[in-house]
Amino acid sequence: MRSWKHMAPASLLALSLLGGCKGCGQEDAASGTGEDDGRPSSIRAGVKVPLPDGWSALVAPDESFQAGPPGRPVLRVDLRRGEGEQLPSVETLVGRVREELKDFELSLDQEEETERYSLLRITLAPRLADGGVGQEAPGFFGARRVGNDLFLCASLPGASAEDVLRATEACREIQVQGALPE
């Protein structure tokens with residue numbers, strides 16, 4: 001069983017990489033009903049995050065979009081309006097992850113970059129005081145540019161390897177309704 005104490009730095013990394021998103025989920029945010037009707041969920045009117053079957057979504061108190069299997073969010077998405085030109089490269093993501101997770105052993109499992117997104121899947125394990133390494137856990141960080149907006153994605157602590165793969169795909173496919181095909 002994973003210890004929240006050992007995973008807290010990963011959560012802090014997600015927050016430091018993603019930052020708060022004041023105003024990005026206010027009046028037009030998804031209702032957070034948690035019902036899955038087969039349609040993509042919406043962060044804000046016109047923004048669609050395609051979710052795997054059975055996943056539900058909500059807008060968290062910090063105004064981030066969170067999704068995952070019922071009762072267990074595993075994906076966090078923050079919207080940065082007007083910051084699409086600031087899409088970080090995979091190299092930048094790797095640098096931030098290595099800097100923020102200095103106390104973890106890291107394995108870079110997948111790096112994917114296009115002009116529209118950067119995705120990084122990792123495996124991390126806490127370094128123990130006795131020189132050993134704790135239990136491994138999967139994770140992912142990504143950024144997706146849609147028009148002028150930037151969507152920052154991360155897996156949340158407790159996500160399984162399958163959850164991380166599904167979250168990565170959801171981030172890759174974020175779209176804005178009415179936007180031109182990419």
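So, on to the overall build of the chain. Each helix and strand counted, the chain has 3 helices and 10 strands in total. Seen in sequence order, the chain has helices and strands lined up from the N terminus as α-β-β-β-β-β-α-β-β-β-β-α-β. A fraction of 56% describes how many contacts in the chain between residues 6 or more apart in sequence connect residues 24 or more apart. When the accessible surface of the chain is summed, it comes to about 9,400 Å², and 47% of that surface belongs to carbon and sulfur atoms.

Our next topic: the side chain of Thr-168. Here Thr-168 shows up in helix 3 (residues 161-172). Filtering out sequence-adjacent residues up to four positions away, Thr-168 remains in contact with Leu-119, Arg-121 and Phe-140.

Glancing now at the pairing of strand 9 (residues 149-155). With 7 of its 7 residues buried, strand 9 lies for the most part within the structure. Every second residue of strand 9 is oriented toward a common face, with Asp-149, Phe-151, Cys-153 and Ser-155 on one face and Leu-150, Leu-152 and Ala-154 on the other, all of them buried. Bridge analysis of strand 5 (residues 75-80) against strand 9 gives 6 bridges, and the strand direction is antiparallel. Opposite Val-77, over in strand 9, you have Cys-153 as the bridge partner. Relative to strand 9, strand 8 (residues 137-146) runs antiparallel, the two sharing 6 bridges. Looking at the pairing, Ala-143 lines up with Leu-152 of strand 9. Remark: 2 residues form the turn of the hairpin made by strand 8 and strand 9, two consecutive strands paired antiparallel; Gly-147 in that turn has positive phi of roughly 60°.

Among the nonpolar cores identified, the biggest contains 23 residues, and Leu-75, Phe-140 and Ile-174 are the most heavily contacted of them. Residue assignment for this core shows that the elements contributing at least two residues are strand 2 (47-49), strand 4 (65-68), strand 5, strand 7 (117-126), strand 8, strand 9 and helix 3. If you tally residues by element for this core, the top one is helix 3, at 4 residues. Contacts of Leu-75, omitting those with residues within four sequence positions, involve Trp-55, Phe-65, Gln-66, Ala-67, Phe-140, Cys-153, Ala-154, Leu-156, Ala-167 and Ala-170. Counting residues in hydrophobic clusters, the runner-up holds 11 residues, among them Leu-93, Val-94, Leu-101 and Phe-141.

Here we have 7 strands laid out as an open sheet, ordered 3-4-5-9-8-7-6, and antiparallel in their pairing. Each edge of the sheet is formed by a strand with only one pairing partner; in this case those strands are strand 3 (56-59) and strand 6 (104-113). Strand-to-strand twist across the sheet, computed as the mean angle between neighbouring axes with direction ignored, equals 20°. Where helix 3 meets the sheet, its contacts fall on strand 5, strand 6, strand 7, strand 8 and strand 9, and the angle it forms with strand 8 comes to roughly 5°.

Counted under the stated rule, the structure contains 10 salt bridges. The residue Arg-81 makes a salt bridge to Asp-149 at a minimum N-O spacing of 2.8 Å. In this pair, Arg-81 is assigned in the loop between strand 5 and helix 2 (90-100) and Asp-149 in strand 9, connecting sequence segments 68 residues apart. Where Arg-166 meets Glu-162, a salt bridge forms, and the shortest distance between an N and an O atom there is 3.4 Å. Of the two residues, Arg-166 and Glu-162 both sit in helix 3, 4 residues apart, roughly one turn of that helix. Counted as one network, the salt bridges with shared partners bring together Asp-62, Arg-76 and Asp-78.

Parameters at a glance
Residues numbered from 1 in each chain as written. Predicted model: local features only at pLDDT ≥ 70, side-chain atom pairs only at ≥ 80, totals over all residues. Heavy atoms only, no water. Helix = DSSP H or I, 4+ residues; strand = E, 2+ residues; numbered from the N terminus. Contact = heavy atoms within 4.5 Å. Areas by Shrake-Rupley, 256 points an atom, 1.4 Å probe, with all protein chains shown as cover. Buried < 20%, exposed > 50% of the residue type's maximum accessible area, 1.4 Å probe, protein only. Pairing = 2+ DSSP bridges. Core = buried A, V, L, I, M, F, W, Y, C linked by side-chain atoms within 4.5 Å. Axes fitted to C-alpha atoms, helices over the stretch in contact; angles between N-to-C directions. Salt bridge = Lys/Arg side-chain N within 4 Å of Asp/Glu carboxyl O.

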